[in-house]
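Structural features, examined
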Amino acid sequence: MYHVYTEKNHSEFSRALVIETPDYDLALEKAQKAIEGKPELSYIIEQTDGSMNSYGELITRVVAESD
């Protein structure tokens, strides 16, 4: 599963979920559209297999992010 987030000025506190999808190509397309024409926004795409750590938090890894 891929989770697409946008952030304002690379601040994790402004992170907003755009879409959750099992398709990487769709995730990348939605991420690029979400920040199109908005120079203050960046995107991050994280992948997860549903595993959780000992605190019950979802384990994710970043697979793509905007410049």
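Because the structure is a prediction, the values reported are computed rather than measured.

Rules used in this analysis
Every chain is numbered independently, its residues counted from 1 as its sequence is written. Local features in this predicted model are restricted to residues whose pLDDT is 70 or higher, and side-chain atom pairs enter the listing and the counts only when it is 80 or higher, whereas totals over whole chains, interfaces and linings include all residues. With hydrogens and water set aside, each side-chain value is computed from the structure's full complement of heavy atoms. Burial here depends on accessible area, computed with a 1.4 Å probe over protein chains only, as a share of the maximum for the residue type. Under 20% is buried, over 50% is exposed, and the range in between is partly exposed. A helix here means a DSSP run of H or I that spans at least four residues, while a strand means a run of E at least two residues long, and both kinds are numbered starting from the N terminus. Note on pairing: two strands pair once DSSP finds at least 2 bridges between them. Throughout this description, the term nonpolar core refers to a set of buried Ala, Val, Leu, Ile, Met, Phe, Trp, Tyr and Cys residues connected via side-chain atoms within 4.5 Å. By definition, residues are in contact when any of their heavy atoms lie within 4.5 Å. In this analysis, the expected span of each helix is defined as 1.5 Å times one less than the number of residues it contains. Arc definition: directions from the helix axis to the C-beta atoms. N or O atoms closer than or at 3.5 Å make up a polar contact, with two conditions inside protein: a donor-capable atom paired with an acceptor-capable one, and, for residues adjacent in sequence, both atoms drawn from side chains.

1. Digging into the pairing of strand β3 (residues 41-47)
- Among the seven residues in β3, five count as buried, and that is most of the element.
- Relative to strand β4 (residues 61-65), β3 is paired through four bridges, and the arrangement is antiparallel. Following the sheet pairing, Glu-46 is matched in β4 by Val-62.

2. Quick notes on the nonpolar core
- Tyr-2, Val-4, Ile-19, Ala-27, Ala-31, Ile-35, Tyr-43, Ile-45 and Ala-64 together form the largest nonpolar core, which totals nine residues.
- Secondary-structure elements contributing two or more residues to this core are β1 (2-8), α1 (24-35) and β3.
- With three residues, the single largest contributor to this core is α1.
- What Tyr-43 contacts, discounting residues up to four positions off in sequence, is Tyr-5, Thr-6, Leu-28, Ala-31, Gln-32, Ile-35, Ala-64, Glu-65 and Ser-66.

3. Concerning α1
- In a regular helix each residue adds 1.5 Å, so twelve residues correspond to 16 Å; α1 covers 17 Å between its end C-alpha atoms and thus fits that length.
- Three or more residues of α1 are buried, namely Ala-27, Ala-31, Ala-34 and Ile-35. Down the axis of α1, the smallest arc covering the buried residues is 80°, so these residues share one side. In α1, the exposed positions that point more than 90 degrees away from the buried face belong to Asp-25 and Lys-33.
- Buried-residue contacts for α1 involve β1, β2 (16-21) and β3.
- Capping the start of α1 is the job of one residue whose side-chain oxygen sits 3.3 Å from the backbone nitrogen of Asp-25: Asp-23.

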